[in-house]
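# Overview (structure and organization)
The lines below spell out each chain.
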Amino acid sequence: MYKYLFITFFLILGIHAEDISKLSLNKDIAPLLDKYCYKCHDNDTQKGDLNLYEIVTMPNTITKNIKTWERVIEQIHTGEMPSKKPFLSHIERNRLLDWLHYQMKNIDWSKVKKAGHVT
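Here's what I pulled together on the structure shown here. (Residues numbered from 1 in each chain as written. Predicted model: local features only at pLDDT ≥ 70, side-chain atom pairs only at ≥ 80, totals over all residues. Heavy atoms only, no water.)

### Structural notes on helix α2 (residues 25–36)
Because each turn of an α-helix spans 3.6 residues, side chains separated by three or four positions in sequence point in the same direction. Buried within α2 are the following residues: D28, I29, A30, L32, L33 and Y36. Buried-residue contacts for α2 involve α3 (52–57) and α6 (90–105). (Buried < 20%, exposed > 50% of the residue type's maximum accessible area, 1.4 Å probe, protein only. Helix = DSSP H or I, 4+ residues; strand = E, 2+ residues; numbered from the N terminus. Contact = heavy atoms within 4.5 Å.)

So, in structure tokens, the structure goes:
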């Protein structure tokens, strides 16, 4: 019995991870940011000196703003954001967090231009 529960659990995780890898920033994530985040963190408002709209529309947004995205993940995870209605549903919160975690874990650092130390 436990063997089948264990297998089912990992199958569900595998399906879930595969779904997250197929999510698109523009199609799946940007609408969530638009609905829940941009009212306080856009070009005009920028509460907490955070303009999510600007960093989302930049190329390589995760790598160029890794500290900011870590802070965003923490705020969403703890439920501190969004702080006003409408609030993220449990499914939306998990989708956004899973996508952000997936993006952070799967950065192709070989494609990131960065200055190194001269040897």
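From this point, the narrative continues.
### Thoughts on α6
Between the first and last C-alpha of α6 there are 22 Å, a value that for 16 residues agrees with the 22 Å anticipated at 1.5 Å per step. Buried within α6 we find E92, R93, L96, L97, W99, L100 and M104. An end-on view of α6 places all buried positions within 160 degrees of arc, on one side of the element. Turned more than 90 degrees away from the buried face of α6 sit H90, I91 and K105, all of them exposed. (Expected span 1.5 Å × (residues − 1). Arc of directions from axis to C-beta.)

### Some details on the environment of S24
Inspection of the secondary structure puts S24 in the loop between α1 (2–21) and α2. By relative accessible area, which is 28% here, S24 ends up partly exposed. Note: C-alpha distance between S24 and W99 (75 residues apart in sequence) is 9.1 Å. Side-chain polar atoms of S24 contact the backbone nitrogen of N26, separated by 3.3 Å. (Polar contact = N/O pair within 3.5 Å; in protein donor to acceptor, adjacent residues only side chain to side chain.)

### Observations regarding the packing of aromatic side chains
One pass over the structure, following the stated rule, counts one aromatic pair. Centre to centre, the rings of Y38 and Y53 are 5.4 Å apart; their planes meet at 80 degrees, and the pair counts as edge-to-face. You can see Y38 sitting in the loop between α2 and α3 and its partner Y53 sitting in helix α3, a full 15 residues away along the chain. Classification of Y38 as buried rests on a relative accessible area of 9%. (Phe/Tyr/Trp six-rings, centres within 6.5 Å; stacked < 30°, edge-to-face > 60°.)

### Describing the side chain of N65
Take N65: it is sitting in the loop between α4 (61–64) and α5 (66–78). For N65, the contacting residues outside a window of four places in its chain are I55 and M58.

### Looking at the environment of H41
Its location among the elements puts H41 in the loop between α2 and α3. The exposure class of H41 is buried, given its relative accessible area of 13%. Taking C-alpha positions, H41 is 7.0 Å from Y53, a pair spaced 12 residues apart along the chain. H41 has contacts with Q46, K47, L50, N51, L52, Y53 and M81, leaving out every residue within four places of it along the chain. Polar contacts involving the side chain of H41 include one to the main-chain carbonyl oxygen of K47, which spans 3.0 Å. A distance of 3.4 Å separates a polar atom in the side chain of H41 from the backbone oxygen of L50.

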